Amino acid sequence: MTDFTKILDKAKELEAKMKESQENIKKIRVEGISGANSVKVILDGEGIMQKIEISDETLKENKSVLEDLITAAHNNAKSKLREKTNEEISKTAGGFGIPGFKWPL
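The model shown is predicted, which means the values in this text are computed figures rather than measured ones.

Got a minute to help me understand the nonpolar core in this structure?
It is characteristic of soluble globular proteins that their nonpolar side chains tend to be buried jointly. The biggest cluster of nonpolar side chains holds twelve residues, and these are Met 18, Ile 25, Ile 28, Val 30, Val 39, Val 41, Leu 43, Leu 69, Ala 73, Ala 77, Leu 81 and Ile 89. Mapped by element, the contributors of at least two residues to this core are α1 (3-26), β2 (39-44) and α3 (63-94). The element contributing the most residues to this core is α3, with five residues. Excluding residues within four positions of it along the chain, Val 30 makes contact with Val 41, Ile 42, Leu 43, Ala 77, Lys 80, Leu 81 and Lys 84.

Where do I start with the sheet that holds strand β3 (residues 49-54) in this structure?
To summarise the sheet geometry, strands pair through backbone hydrogen bonds and adopt either a parallel or an antiparallel arrangement. As summarised here, the arrangement of the three strands in space is β1-β2-β3, forming an open sheet in which the pairing is antiparallel. With one partner strand each, in any of the chains shown, β1 (29-34) and β3 form the two edges of the open sheet. Direction aside, neighbouring strands of the sheet carry axes that sit 15° apart on average. Direction of pairing for β1 relative to β2: antiparallel, over a ladder of six bridges. Bridge assignment links Gly 32 to a residue of β2, and that residue is Val 41.

Thresholds, definitions, all that
- Residues numbered from 1 in each chain as written.
- Predicted model: local features only at pLDDT ≥ 70, side-chain atom pairs only at ≥ 80, totals over all residues.
- Heavy atoms only, no water.
- Core = buried A, V, L, I, M, F, W, Y, C linked by side-chain atoms within 4.5 Å.
- Buried < 20%, exposed > 50% of the residue type's maximum accessible area, 1.4 Å probe, protein only.
- Helix = DSSP H or I, 4+ residues; strand = E, 2+ residues; numbered from the N terminus.
- Contact = heavy atoms within 4.5 Å.
- Pairing = 2+ DSSP bridges.
- Axes fitted to C-alpha atoms, helices over the stretch in contact; angles between N-to-C directions.

Nothing here speaks to function; it is geometry throughout.
In structure tokens:
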């Protein structure tokens, strides 16, 4: 078997594992919170907001406070999603000697 054939086989294996990782990423759910759990945002693996929960007490706040809490909860969820996505990709890429590979989020 030539070196090129080995490389091609590894590339095909990596492609299959990356497709599997992409499917696993779609199943991820993360929860971002802000204001001591007054706002919760749930994102799926593609970064689409699935749910938002706002406490009754928070609804009594003025509009700008509520907007800031929603933004903070969303940013918190996005950060967690980035971490989980990188973990999933690292599991796949790690076996192929691609150090520091990061999912582009």
